[in-house]
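Listed here are the chains, written in short residue letters.
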Amino acid sequence: MRALRLHGDRDLRLETLDDPPPPGPGEVRVRVRAVALNFLDVWGFRGMAFAKRKLPQVAGVEAAGEVVAIGEGVTRFSVGDGVVPYGAETCGECRACREGRDNLCENVKGIMGFHIDGMARELMNRPERLLVKVPAGVAFEDAACAAIGFGTVQHMLFDNAKLEPGEEILVHAGGSGIGTAAIKMAKAIGCTVYTTVGDDEKGEKARALGADHVINYKTERFEGEVRRLTKRKGVDVVFEHVGADTWNGSLLCLKRGGRLVTCGSTSGVSTQMNLMQLFQQQYRIFGSFGCSMRNIAQSLEKMAGGMTPVIDSTFPLADFQQGLERLEGRKVFGKVVVTL
């Protein structure tokens, strides 16, 4: 089988490996059809110090495929089913796993494609319990975006921030994969959406998705615009994933008692904040990482209902690195998907 393996910083190689052995008891063999790219892939490609791993390692943190074989005792899947693999090697036994809070597993072995072998390969065996069935009619390219591109947003907006119909929300980086998904999900329940973008072309595309107010952060101070547009009241929720560059401005955009939910720090991992502002304004701040398998299923249901992810571009497996470079250069609007 073909597999894309990382041998060192910025050293990706398309190689031929042995096929995996037949699936064992409780295992399912998946033929990977599409891999969606994320900043986790970019960080892994760059060789981020906190990614403790043994090289070479198969890349790819998010994918979809079809079942081609099942092991003894598998009951939930049949050959031909579309599936989305959960991207972390969870234990399935701790309290968090038993309660369906998979992303809080107490004994997780790592994230696929970042700490351990990932999904950018033609075949892989996965435990039945770590697969989610794809509804009929959902394309592999779309389903490949369910585990992170949609699942992360589902978890952030509805499990953590508790976004309600009719509320006002600021979505940072509205042209990103999760930014486009957040705009769609918020508009679907009747929210007023404010979003930031890096250029006017992305701004027009964000409006086409349903954003009510678009702010070019390179020409305007987004916090000033949000306060002006809300008559200094602020928004109910800020969807944050940029990090240090936007953190304090994001807090200024919140109304009293507002909620900020964050899942990223692409502009830097450290910042200073005004603690008096935090408690006087009674802000609620949620850290959010990944999602549960329930969130993936919810995301796939939304796709089956017509809320498909925004696909910026697709590349064949051999051009995986070009997709990463496009993502790293922030040239995208939506998701980059690699097809097998």
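Note that residues are indexed from 1 along each chain, following the sequence as it is written. Only residues with pLDDT of 70 or above have their local features reported here, since the model is predicted, and side-chain atom pairs are shown and tallied only from 80 upward, although totals for entire chains, interfaces and linings are computed over all residues. Excluded from the side-chain calculations are hydrogens and water; all other atoms, namely the structure's heavy atoms, are used.

Caption draft 1: Broad picture of the nonpolar core. Here, nonpolar core means buried Ala, Val, Leu, Ile, Met, Phe, Trp, Tyr and Cys residues that are tied together by side-chain atoms lying within 4.5 Å of each other. Only protein chains enter the area calculation, which uses a 1.4 Å probe; residues under 20% of their type maximum are buried, those over 50% are exposed, and those in between are partly exposed. By size, the foremost hydrophobic cluster in this structure holds 46 residues, and its most contacted members are Val 84, Leu 157, Ile 169, Phe 239, Ile 296 and Leu 300. Beyond its immediate stretch of four places on either side in the chain, Val 84 contacts Ala 63, Ala 64, Leu 130, Leu 131, Val 132, Val 134, Ala 143, Ala 146, Ala 147, Ile 296 and Leu 300. Counting 29 residues, the second largest nonpolar core, distinct from the first, contains Val 30, Val 35, Leu 131 and Phe 320. It only takes one pair of heavy atoms within 4.5 Å for two residues to be counted as in contact.

Caption draft 2: How the structure looks around the sheet that holds strand β2 (residues 11-16). One open sheet holds the three strands; their spatial order is β2-β1-β4, and the pairing between them is antiparallel. Here the strands that pair on one side only, and so sit at the sheet edges, are β2 and β4 (57-58). When DSSP finds at least two bridges between two strands, those strands are taken to pair. Strands are runs of DSSP state E lasting at least two residues, helices are runs of H or I lasting at least four, and both sets are numbered from the N terminus onward. Taken together, the six bridges between strand β1 (residues 2-8) and β2 define a ladder with antiparallel strand orientation. Residue pairing for β2: Leu 4 is matched across the bridge by Leu 14.

Caption draft 3: Here's a closer look at the pairing of strand β10 (residues 192-197). Counting buried positions over the six residues of β10 gives five, a clear majority of the element. Orienting the strands away from the viewer, one traces the path from the first strand over the helix to the second; a clockwise path indicates a right-handed crossover. Crossover strand β9 (residues 168-171) to β10 through helix α5 (residues 177-188) is right-handed. Handedness of the β10-helix α6 (residues 200-209)-strand β11 (residues 213-216) crossover: right-handed.

Caption draft 4: Representation of the state of the cysteines. Counting rule for disulfides: a pair of cysteine sulfur atoms within 2.5 Å. Per the counting criterion, the structure on display carries zero disulfides. In this structure Cys 94 is a free cysteine whose sulfur lies 3.7 Å from that of Cys 91, the closest cysteine sulfur available. Relative accessible area serves as the criterion here: at 6%, Cys 94 is assigned to the buried category. Looking at Cys 263, it has no disulfide partner, and the nearest cysteine sulfur is the one in Cys 291, 11 Å off.

Caption draft 5: Just the sheet that holds strand β13 (residues 254-262), in detail. Pairing in this open sheet of six strands is parallel, and the strands run β11-β10-β9-β12-β13-β14 from one edge to the other. Since the sheet does not close on itself, it has two edges, and those belong to β11 and β14 (284-287), each with one partner. Ignoring which end each strand starts from, the neighbouring axes of this sheet average 15° apart. Pairing geometry for β10 and β11, over four bridges, is parallel. Counterpart to Thr 195 in the pairing with β11 is Val 214. Axes, fitted as lines to C-alpha atoms, cover a helix only where it is in contact. Angles between the N-to-C directions of the axes lie from 0 to 180 degrees.

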